[in-house]
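# Coordinates in review
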Amino acid sequence: MDYYAVSYVYRDDKESLDKIRPEHRAFLGSLSQMVASGPLPDTSPSHALLILRGESAAEIEQALDADPFKLADLIAERHIEKWLPVIGVFAG
């Protein structure tokens, strides 16, 4: 399985983000592909970084399509990139 780095750029709708965030976090926590995720502080608009493992970018995309933030149209941009860690705890 490969690693994938996913970046989210959120819409500027703090009230809706705050309301749906518990569902969003529960969803991400339930994904078998999830390695780590979290916000990138001090970004405007707000961003997040997710690290997942999977067989393909298409698999990761399909899994993240059910994210409550995506379903509520709170993700303005989503980028999925294959990631090859060569140093550190994720390196093979």
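A brief report on the enclosed structure follows. (Residues numbered from 1 in each chain as written. Predicted model: local features only at pLDDT ≥ 70, side-chain atom pairs only at ≥ 80, totals over all residues. Heavy atoms only, no water.)

Here the focus is the layout of surface pockets. One number sums up the size of the largest pocket: a volume of about 380 Å³. If you trace the largest pocket, you find 23 residues lining it, with Tyr10, Arg21, Pro39, Ser46 and His47 closest to the centre. Those elements giving two or more residues to the lining of the largest pocket turn out to be helix H1 (14-30), strand S2 (34-40) and strand S3 (47-54). Tallying contributions element by element places H1 first for the lining of the largest pocket, with 7 residues. Taken together, the residues of the lining of the largest pocket break down into 9 nonpolar, 7 polar and 7 charged. (1 Å grid on protein atoms, 1.4 Å probe; cavity = no way out; pocket = protein on both sides within 12 Å on 5 of 7 lines; lining within 4 Å. Points joined across faces, edges and corners; volume = space filled by probe spheres on them. Helix = DSSP H or I, 4+ residues; strand = E, 2+ residues; numbered from the N terminus. Nonpolar A, V, L, I, M, F, W, Y, C, P; charged D, E, K, R; others polar.)

A side chain with one charge may pair with a side chain of the opposite charge, provided their charged atoms come close. In total, this model carries 6 salt bridges according to the counting rule given. A salt bridge links Lys82 to Asp2, with the shortest nitrogen-to-oxygen separation between them at 3.3 Å. Of this pair, Lys82 sits in strand S4 (residues 75-83) while Asp2 sits in strand S1 (residues 2-10); the two residues are 80 residues apart in sequence, bridging distant segments of the chain. You can call Lys82 exposed: its relative accessible area is 57%. According to the relative accessible area criterion, Asp2 is partly exposed, its value standing at 29%. Linking Asp65 and Arg78 is a salt bridge whose minimum nitrogen-to-oxygen distance equals 2.8 Å. You can see Asp65 sitting in the loop between helix H2 (57-64) and helix H3 (68-71) and its partner Arg78 sitting in strand S4, a full 13 residues away along the chain. Classification of Asp65 as partly exposed rests on a relative accessible area of 32%. Overlapping salt bridges, with partners in common, bring together Lys14, Asp18 and Arg21 in one network. (Salt bridge = Lys/Arg side-chain N within 4 Å of Asp/Glu carboxyl O. Buried < 20%, exposed > 50% of the residue type's maximum accessible area, 1.4 Å probe, protein only.)

With antiparallel pairing, 4 strands are arranged side by side in an open sheet as S2-S3-S1-S4. Both outer strands of the open sheet, S2 and S4, are each paired with one neighbouring strand and no more. The mean inter-strand angle of the sheet, taken between neighbouring strand axes irrespective of direction, is 15°. In the packing of H1 onto the sheet, contacts are made with S1, S2 and S3, and the angle to S1 comes to roughly 175°. Where H2 meets the sheet, it contacts S1, S3 and S4, and its direction lies at approximately 125° from that of S3. (Pairing = 2+ DSSP bridges. Axes fitted to C-alpha atoms, helices over the stretch in contact; angles between N-to-C directions. Contact = heavy atoms within 4.5 Å.)

Glancing now at the side chain of Gln33. Take Gln33: it is sitting in the loop between H1 and S2. Excluding residues within four positions of it along the chain, Gln33 makes contact with Ile51, Leu52, Arg53, Glu59, Ile60 and Ala63.

Distances and angles like these do not, on their own, reveal function.
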